[in-house]
Amino acid sequence: MSSLLEPELIEVMEHSNRDSDKFSGPLTAEEKEEIDREASHYENKSSVGLEALRIVQKHRRWISDDTIQAISNYLDIPVAELESVATYFQLIFRQPVGKEVIYLCKSASCWVMGCDRLQKHITETLAIEPGQTSADGIFTLLETPCLGDCDKAPVLMLGEEMHRNLDESAIDDLIDKKKKYHADKSPD
Amino acid sequence: MPTITIDGEKYQVDGEQNLLSTCLTLGLNVPYFCWHPEMGSVGACRQCAMMEYKDSEDQHGRLIMSCMTPIRDGGIYSVKDEVAEEFRGSIIEDLMTNHPHDCPVCEEGGECHLQDMTEMSGHTMRRYRGTKRTHRNQYLGPFINHEMNRCITCYRCVRFYNDYAGGEDLQALGRNHQVYFGRQEEGRLENGFSGNLVEVCPTGVFTDKTFSSHFVRKWDLQTAPSVCEHCAVGCNTAPGARESGNSNEPILRRITNLYHHDINGYFLCDRGRFGYEYINSATRIQNVLSVRQEDVISSTAEKGDRMHREINPQEAVLHLAEQIAMANQGKRNLIGIGSPRTSLENNYALRKLVGSGNFYSGLSQKDQELLHLVSTIQQDDRIQSPSTPEIENADAILILGEDIYNTAPRISLAVRQAARNRQKQQAKSLKIPLWQDSSVRQLEGDYSPIIFAGTELSNLEKITSNTLFESPEKVASFACNLALAISDPTSLSPDLEPSLLELITHTAGILRGSSKPLIISGTSSKHADTLKSVAQVATVLSDYKKQPTMLYLACDEVNSLGLIQFFNDGKGNLDELLERLKKNTDNQIPTSLMILENDLYRRLDKKSLEQLLSQADEIILLDTLLNPTSKRADWIFPASVTAESQGTFINNNGLAQRFYAVYEGKGFIQESWRWLMDAVNFCTEKPANLSAIAEWQHSTDLSDAIAREFPVLKALDSLGPDEDFRIDGLKVARQSARYSGRTAIHAEKQVSENPPLQDPDAPMSFSMEGIHNPNRSPLQANIWSPGWNSNQSIFKFQEEVGGERRGGPSGIRIERPQRVMPEWPAPSTPPEVAADPSHVQMLPLYRLFGSEELSNQAMGISEVIEAPFVMVNHIDAKAFDIHQRELIELETSCGTYRAEVRISPTIPSGTVGIPYGLPDFETLSPLLPGYASLRPAEAPAITED
């Protein structure tokens, strides 16, 4: 946390998020099919923008400039409108993230119960600050407002699972488990 | 009418409005940000908080947002309550935590709504000492500057740009503390109304980039009411001028909107706002020029081009006087060519000088006939020319053969509002007040029906319910059948194509079923049959509904409809002049052509024009910019532009509007009629017509003479105010009371203060002395009220918020005699022919930037004009084997043109779209619509060095 008198660098809309890796390019048949299925619940295709972003992010982990253009072309929604939705929602990533995203709760109960200590521990263990991805490309650390489990504070969410009543050793276990999982999965 | 109490005072008010708007109409100062008179309320900024009391017993009251509060009969409210005041102050303080302290270097400073509101709320001390959030700005094109740090997140920009103007490339990005208003990536804001962001933004996030390069504060600008000269809609503008830094000559520095209830309201298009730069461009004629007789080495000059030198104006005027004298003795033909882009006064002066038999319109026969057709149609009492608010209220719109976004941009913005009328009806039935902007916009439902038939439709595609892209011939035949379908659906020919038949029946049903149908068309497709058929639809509809039909007809240029009032039945066109000059060859009398502010290369095809010019022994040109015609002139006189002169234009609706000089043109520049008058004054003998000219002193003398001579233009003598108009014995001041530097501005030359420039020609002074109150005349263009330095102050000078201006309306409709239009025979249906590259029909396509002569010379606009192209139908392209972006040659009767191919699915088969008036394609314009052949461009031979 920066002090009032120290400039806090807030970067908004500053990166050109072009990425020519496998996460970009035109929508796949599978993605299109899922979007169409979702779109059938709406009156018109243009309402499905947010869901489309979620669907494509599920496949590509994050939304690059090329991806947003591809969705825009497919749904005939102006790029600026999709960008507006994408930058509004915290869970749509406009920058690359790791395979596992850690959402560390920073709200009042977790703060009382020592989330700052946990954050320091994660930062030291993985050598990443909030918003960064670990060198092995597995973990991204993000801060989040209340996750609604205050009686079990401090909590974090890893991907889509909740982890409650945490301490340093619980976090170490979690990290090891995930590291191992990914090491087994991709033997490279 | 409900009665309400505000701070102990009782008022009778209009219950339809919200509390904020009501308070402003009453003249009370309530601060606000996100509310806009034209865009309604969303309650985003919390700045307009007031107190509401349950009854007279209630001592505490509750805070309400006045913009979101409907009027309650008997309601008790307070603006001045301490709690409300404190709340408003704290809102400002919160906004200010991130607002930079950069007023001295901010171009909004001095006309900033945020500054005004900050002062008004009493928040004059900043307690916050922390860092401010900062943003990186975007490049938004040559017109708009972006400075996001100043943003107070009122959302007005996106509400205007997206909701009101239909733009798609500006959005609120991010969230919470970091909301950012910008594009998805850097680049020009593509919507043609983006310039309004400058006025809509309550602070300095969006500022006028063209103004930036010669910026001065609002209070240092000299202003006068003017009329935009870049199309025929007739929007009112407030040009601002001031002396340039290194000379004493004033320059035009910017254009802002000048509210006119019936025409432009609060908004202008970008051509009108940024087109002014042509005035300061390098092509501006500033001196009297005469041809150089000696041979010059001129490798780049074309045959017939003349080289010029500056001469003493007296020499040229004396020469002109001699020619006039010769003409009077019958030893010289003096022929005048007028122009639709200059005032009635200038045209009249030339006509008076050369005599009506020698005065020509400066239009081709085709163009002049089209304009006469427009005037004839408008004279029928079954036709009504709608004002902008009437267009906005139409419940069904039929657009025929006119791409209004590019030819009458402000009207397309009005059409966009009309598209929401179904939604508004639904809101009314649900008892949602129309000012509840976001609630109304959330209502489900289709747009009101808008049906388009024509060559190209820009900007409005997404809100039109049906489109028919066809050649003008087929559009005319569509309209003809539509007229049949409206009067008697059974009379339609059964041979019609089923889809076309369905569209015709559908359209007829919609027009018959609507209560306020509107038809829009115009001269831009250059097709008389289209206009005639449109008129027929309108009259048939009027007969059916037993009420006049609203028909908006767009003309090409600012004074097109005015100019043709001088001519009967299409007589006096350039083709006629050519015939006359050709016959005259045996006659030994030499001929002088006097051309008034007209580039004839845009009027007549090159071949005919060369013939015409070669028949003249001498060409005298009065104009503002160097153009192809000026290359052929022997004498060139510098004429003043709209902002430098006074005169009258007649807009598409037949509304005569007077514009006043904002500043005096540089050096020898003066109004064209004054050059003629100067020459006449040098003549020793003056027959009746000349002595009348010699007596003119003011522009109004000409206006009055026109009113006397032409009953149709009688309105000109009641236009006003004239130069002898005074308020409390004083003229209206063109400069604000705070105009700075008067005693010092010329100090490097002379320390004593010069007296202000006198202006005998207008009821306004070129100084700060005089009346400054816009409530007392329509002459005030500097809209300012104590505490309200920004353009938001306009509400102080309206009958009610969004109503007529209190200073009186500007403009009077000309009274054309009511005449039933003739019955025109139905146009013959064009035969179907297979598309053939050796015989394609060229159709004009218009561009907001590029099709208008003057604005093309503006620096910012010239940056965004497209390169010339030839638009080909996608099926034809396959058949002709030509591809996107390929170079192609277009062989016409007047030479070959080369451009890139653009493939389009909508351009009708068998035709090619040619951008009208685009640089390099200007001389192609007179040939449209005509035929040409297409062939792939031969690759330029590669030479080896």
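Higher on the page you've got the structure.
Treat the numbers as computed from the prediction; the structure is a model and nothing was measured.

Scoring rules and cut-offs
- Residues numbered from 1 in each chain as written.
- Chains lettered and ligands numbered in written order.
- Predicted model: local features only at pLDDT ≥ 70, side-chain atom pairs only at ≥ 80, totals over all residues.
- Heavy atoms only, no water.
- Helix = DSSP H or I, 4+ residues; strand = E, 2+ residues; numbered from the N terminus.
- Rg over C-alpha atoms; globule rule 2.2 N^0.38 Å.
- Buried < 20%, exposed > 50% of the residue type's maximum accessible area, 1.4 Å probe, protein only.
- Contact = heavy atoms within 4.5 Å.
- Areas by Shrake-Rupley, 256 points an atom, 1.4 Å probe, with all protein chains shown as cover.
- Lys, Arg positive; Asp, Glu negative; His and termini not counted.
- Charge placed at Lys NZ, Arg CZ, Asp CG, Glu CD.
- Salt bridge = Lys/Arg side-chain N within 4 Å of Asp/Glu carboxyl O.
- Pairing = 2+ DSSP bridges.
- Expected span 1.5 Å × (residues − 1).
- Axes fitted to C-alpha atoms, helices over the stretch in contact; angles between N-to-C directions.
- Parallel < 35°, antiparallel > 145°, perpendicular 65-115°, else oblique.
- Left-handed = near helix turned anticlockwise from the far one by under 90°.
- Nonpolar A, V, L, I, M, F, W, Y, C, P; charged D, E, K, R; others polar.
- Patch = residues over 30% accessible without salt bridge, like charges linked within 9 Å, V, L, I, M, F, W, Y side chains within 5 Å.

Moving on, we come to the overall build of chain B. Each helix and strand in chain B was counted, giving 26 helices and 37 strands. The globule rule puts the C-alpha radius of gyration for 945 residues at 30 Å, and the 29 Å found for chain B is close to it. Principal-axis analysis of the C-alpha atoms gives chain B an extent of 100 × 80 × 70 Å. Burial status across chain B gives 61% buried among its 945 residues. Taking the contacts inside chain B whose residues are at least 6 apart along the sequence as the reference set, 73% of them involve residues at least 24 apart. When the accessible surface of chain B is totalled, it reaches about 36,800 Å², and 48% of it is carbon and sulfur. Positive and negative side-chain charges in chain B, numbering 90 and 124 respectively, have mean positions lying 3 Å apart.

Residues and elements named next belong to chain B. Tracing the backbone shows Arg253 in strand β13 (residues 250-257). As a buried residue without a salt bridge, Arg253 has its nearest oppositely charged side chain in Glu243, at a separation of 6.8 Å. When near neighbours in sequence (up to four residues on either side) are disregarded, Arg253 contacts Phe211, His214, Phe215, Val216, Leu221, Gly240, Ala241, Arg242, Glu243, Ser244, Gly245 and Tyr276.

The subject of this paragraph is the pairing of strand β3 (residues 49-53) of chain B. Residue and element names in this part refer to chain B. Across the five residues of β3, five count as buried, placing the element largely inside the fold. Sheet topology places β3 next to strand β4 (residues 62-65); four bridges connect them, and they run antiparallel. Residue pairing for β4: Ala49 is matched across the bridge by Met65. Pairing of β3 with strand β5 (residues 76-78), which is carried by three bridges, proceeds in the antiparallel orientation. Paired with Glu52 across the bridge in β5 is Tyr77.

Looking now at helix α18 (residues 528-545) of chain B. Since the α-helix turns once every 3.6 residues, residues separated by three or four places project in the same direction. With 18 residues, α18(B) extends 26 Å between its outermost C-alpha atoms, agreeing within 8% with the 26 Å of an ideal straight helix rising 1.5 Å per residue. At the C-terminal side of α18(B), Lys546(B) shows a positive phi close to 55 degrees.

Before going further, it helps to examine the sheet that holds strand β22 (residues 517-522) of chain B. Residues and elements named next belong to chain B. Sheet architecture is open: six strands sit in the order β18-β23-β22-β19-β20-β21, paired in parallel fashion. Edge strands, defined here as strands with exactly one partner in the open sheet, are β18 (383-384) and β21 (466-469). The sheet contact formed by strand β20 (residues 450-454) and β21 spans four bridges and is parallel. Considered in β21, the bridge of Phe452 is made with Thr467.

Turning our eyes to something else, we now look at the packing of helix α2 (residues 49-60) of chain A against helix α3 (residues 65-75) of chain A. Residues and elements named next belong to chain A. Two elements in contact, α2 and α3, have axes separated by 11 Å at closest approach and are oriented at 135 degrees. Relative to α3, the element α2 is oriented oblique. As α2 runs across α3, the sense of the crossing is right-handed. Every residue of α3 that contacts α2 at Gly49, Ala52, Leu53, Val56 and Arg60 is listed here: Thr67, Ile68, Ile71 and Leu75. Grouping the amino acids of the contact of α2 with α3 by side-chain chemistry returns six nonpolar, two polar and one charged.

A word on a negative patch on the surface. Residues and elements named next belong to chain B. A cluster of acidic side chains, namely Asp14, Glu16, Glu799, Glu800 and Glu804, defines a negative patch on the protein surface. Take Glu16: it is sitting in the loop between β2 (9-12) and α1 (19-25). In this structure Glu16 comes out as exposed when scored by relative accessible area, which is 61%.

We now examine the environment of Gly357(B). Here Gly357(B) is to be found in the loop between α9 (344-354) and β17 (359-360). Each C-alpha atom, one on Gly357(B) and one on Leu503(B), is 48 Å from the other, the two residues being 146 residues apart in sequence.

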